[in-house]
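Secondary and tertiary structure notes
So the chains spell out like this:
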Amino acid sequence: MRNAALLDPRDLRRMEIQSRSGVDGAPCILWTGALDGGGYAMTKRNGRSSKVHRLMYESIRGEIPSGLVLDHLCRVRHCVNPAHLEAVSNAENVRRGSNTKLTMADAMAIRDEFAQPNSRTKTAIAAAYGVSRTAVRLLLAGETWVAE
Ligand SMILES: [Zn+2]
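Since this is a predicted model, take the numbers as computed values, not measurements.

Definitions and limits used
In every chain, residue numbers begin from 1 and rise along the written sequence. This being a predicted model, a pLDDT of at least 70 is required before a residue's local features are given, and a value of 80 or more before pairs of side-chain atoms are given or counted; all residues contribute to the totals for chains, interfaces and linings. Processing note: side-chain calculations cover all non-hydrogen atoms of the structure and skip hydrogens and water entirely. Nine residue types can take part in a nonpolar core, namely buried Ala, Val, Leu, Ile, Met, Phe, Trp, Tyr and Cys, and a core is a set of them joined through side-chain atoms within 4.5 Å. Each residue gets one of three labels from its accessible area relative to the maximum for its type: buried under 20%, exposed over 50%, partly exposed in between, using a 1.4 Å probe on protein chains only. Elements are defined by DSSP. Helices are runs of H or I of four residues or more, strands are runs of E of two residues or more, and each kind is numbered from the N terminus. Contacts are residue-level and defined by heavy atoms, with any inter-residue pair within 4.5 Å sufficient. Atoms of type N, O and S within 2.8 Å of a metal are treated as its donors, and for Na, K and Ca the window is 3.2 Å; water is not considered, so some sites may appear to be missing partners. Angle rules define the geometry names used: all angles between 85 and 135 degrees makes four donors tetrahedral, while opposite donors over 155 degrees apart and all other angles between 65 and 115 make four donors square planar and six octahedral, leaving every other case irregular. Salt bridges are defined by distance alone: a side-chain nitrogen of Lys or Arg within 4 Å of a carboxyl oxygen of Asp or Glu. The predictor attaches a confidence to each residue, and that confidence, scored 0 to 100, is pLDDT. As used in this structure description, the phrase polar contact means that two N or O atoms lie within 3.5 Å; if the pair is within protein, one of them must be able to donate a hydrogen and the other to accept it, and residues adjacent in sequence are counted only when both atoms belong to side chains.

**Topic: the nonpolar core**
- Of all hydrophobic cores here, the largest spans 10 residues; its members are Leu6, Leu7, Met15, Ile29, Trp31, Ala41, Val52, Leu55, Met56 and Val80.
- Of all the secondary structure elements, the ones that give two or more residues to this core are β2 (26–31) and α2 (52–60).
- Counting residues per element, this core draws most heavily on α2, which supplies 3 residues.
- Not counting the four nearest positions on each side in its chain, Val52 is found in contact with Leu7, Met15, Trp31, Ala41, Met42, Thr43 and Val80.
- In this structure, Ala126, Val131, Val136 and Leu139 belong to the second largest nonpolar core, which totals 7 residues.

The following block contains the structure:
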């Protein structure tokens, strides 16, 4: 690690490897601690909130080039595996994200389906629509509305 001080042992205990999804054979490392309003892993550092995936990227791969943002290649926002992150321009990040957003019709169909007693699991629904399970969870919880 270039800068191990970015992460402390308490943070490392909040990470869980998920073998069922991944990018190029590398599994997601899911954060079991707090998430922010956008569904990203969050931790407190000196009283301030920090995004854990950014800390992980900077610890392992170095500083995030100025002007760039981190894109989750696995589309799982609470994944903190630095191998799943790519520093891209904001325009590129928005362009990529637009391919995976749900339409209003999708969102309504998902909400309707999940209200049924025999609905598929959130994981199965997420896979069917090509979005993360977290996106489905937040949608069902009413926390996000993803407009086009
Ligand atoms: Zn991942």
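The rest of the description comes next.
**Structural notes on the coordination of the zinc ion**
- With distances of 2.0 to 2.5 Å, the protein atoms coordinating the zinc ion are Cys28 (SG), Cys74 (SG), Cys79 (SG) and His84 (ND1).
- Here the zinc ion binds 4 donor atoms, and the angle range of 102 to 115° at the metal identifies the geometry as tetrahedral.
- The sequence pattern formed by the donor residues of the zinc ion is C-x45-C-x4-C-x4-H. With Cys28 in strand β2 and His84 in the loop between β5 (68–72) and β6 (85–89), this pair connects stretches of sequence that are 56 residues apart.

**A closer look at unusual backbone geometry**
- Located in the positive-phi region is Arg75, a residue other than glycine, with phi close to 65°.
- Mapped onto the fold, Arg75 is located in the loop between β5 and β6.
- The partly exposed category is assigned to Arg75, whose relative accessible area is 25%.

**Notes on the environment of Asp24**
- Mapping Asp24 onto the fold places it in the loop between β1 (15–23) and β2.
- Looking at Asp24, the relative accessible area reads 82%, which means it is exposed.

**Looking at the pattern of salt bridges**
- Scanning the entire structure with this criterion turns up 4 salt bridges.
- Between Asp71 and Arg75 there is a salt bridge; the shortest N-O distance is 2.8 Å.
- Salt-bridge contacts for Arg120 lead to Glu113; the nearest nitrogen and oxygen are separated by 3.0 Å.
- Given the relative accessible area of 21%, Glu113 is considered partly exposed.

**Re the environment of Lys122**
- Mapped onto the elements, Lys122 comes out in helix α5 (residues 122–129).
- Lys122 gets classed as partly exposed once you look at its relative accessible area, which sits at 23%.
- Residues Lys122 and Ile110, spaced 12 residues apart in sequence, show a C-alpha to C-alpha distance of 9.2 Å.
- In this structure Lys122 touches Phe114, Arg133, Val136, Arg137 and Leu140, once residues within four positions along its chain are discounted.

**Description of the confidence of the model for the protein**
- In the predicted model, the protein carries a mean pLDDT of 81, and 84% of its residues have values of at least 70.
- Across the protein, the secondary-structure element scoring lowest on mean pLDDT is β1, at 73, and the one scoring highest is α2, at 93.

**Comments concerning the side chain of Asn81**
- Tracing the chain through its elements places Asn81 in the loop between β5 and β6.
- By relative accessible area, Asn81 is classed as buried at 9%.
- Within polar-contact distance, the side chain of Asn81 engages the backbone oxygen of Pro27 at 2.8 Å.
- At 2.9 Å, the side chain of Asn81 and the backbone nitrogen of Ala83 are in polar contact.

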